[in-house]
Structure formats: structure tokens, C-alpha cells
Amino acid sequence: ERLMQPTDRQVVFYYQGEAIMIDEPMDTMLNARDTYLYKGARSVFRAGERVSRTKVVELFGEPELIIVNADYAGPDGMTGDLVLVVYPDLMLSVIGTYDEDHASWEGRISKIRLRAGDAGYTIGRQIRTGMSREEIVALYPFADQADYSLDRVIDGVNYRLTFVFDDANPMILRSVVLD
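Rules behind the numbers
Residues numbered from 1 in each chain as written. Predicted model: local features only at pLDDT ≥ 70, side-chain atom pairs only at ≥ 80, totals over all residues. Heavy atoms only, no water. Helix = DSSP H or I, 4+ residues; strand = E, 2+ residues; numbered from the N terminus. Buried < 20%, exposed > 50% of the residue type's maximum accessible area, 1.4 Å probe, protein only. Pairing = 2+ DSSP bridges. Axes fitted to C-alpha atoms, helices over the stretch in contact; angles between N-to-C directions. Contact = heavy atoms within 4.5 Å.

Looking now at the environment of A70. Note that A70 resides in strand β6 (residues 65-73). Residue classification places A70 among the partly exposed residues on the basis of a relative accessible area of 47%.

Attention shifts here to the sheet that holds strand β3 (residues 36-39). Read from one edge to the other, the open sheet built from three strands follows the order β4-β3-β10, with strand pairing classed as antiparallel. Because the sheet does not close on itself, it has two edges, and the strands there are β4 (42-46) and β10 (121-123). Within this sheet the neighbouring strands show an average axis-to-axis angle of 30°, counted without direction. The pairing of β3 with β4 spans four bridges and is antiparallel. Residue K39 lies in a different strand from β4, and its bridge partner there is R42. Along the sheet, helix α1 (residues 53-60) makes contact with β3, β4 and β10, crossing β4 at roughly 150°.

Written out as C-alpha cells, the structure reads:
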């Protein structure tokens, strides 16, 4: 029924040599709401926001593992200590400062990764691990044409949402990465 709804599209036909070419841009832009991590119905934070150990522990409890890579230089130009904060169903990458004496850290979230599990975490209140390709394409009709990687620039910040499928069952979403 939804497929029967009319939509406006712009298609450009042109000649290239003796061939007729068709250019039909596909909308693969990430929705702004899908740049936020949710826990249940509550928006927790967005990739790029500043966080501290105190705030993260308040929200999620003590992590099962923290990995620190001192003096990190990321591909996006961010520099500092890279702190990976690992929970069973969630991993945060934070670039900032790590205080070894007090085992504390603070900085900007460079990546949010939802891993297999059901702890109530979602990206944008809808995207969760365990979704099928069909469910993702219902949200983003051309996601398959973009290799399941969607981008958007908001207020000068680049966001990318990548869907990673299970090797054993390639129809099921294993993890979601927002950076």
C-alpha cells in the first residue's frame, strides 16, 4: 500500500556518445534524529558531544573494560587520548584526556557502537541490533544502494551511520556504528 503513494523524483536523461544515460539521485541522507543514542525512550547523547567518566557511569554503570591509546590522532583531525569504554551491548570511543592517577577521563564521543544484545539501546529510537535488512530498508529505502552506510552534515559536523550484518545470518543486523 505504501508503494502506491505518489512521490516526486527528478531523473535526468542525457547522451554520452551514442548511449542514453540516466541519472537518478537516490536519497541516502541520514535522518538528524538518527545521530542520537537512546536508552529506552530517553535521548542519552549524540556523537560529537562532550562526556566524562562520571556522566557515562551514571547512565550505564561501570564499564566491563576501558582501553586507552595515549596521544591518538584520528583521521578526522581529532587528537588526544583515545578511550574505549566497553559495555556488553555498547562501546563508546572518546577522544580527550585520560587521568591515569584517578582513572578518569573526559572528551568528545567520536564513535558509538551498538553490539549484539538487548539492553534497550537504540540509535534514533528505532535502529537496534537484531533488525532485518527489510526493516532497515523500510526506514531508509535506498540504504542497500549506499552499502548500508548513511551520511549527513549537521551544523558543520559530519555524521555517518553504518549497519553491520551478521556473518552467520547476513539478513540480521549485528551492530550499528555511529561516528
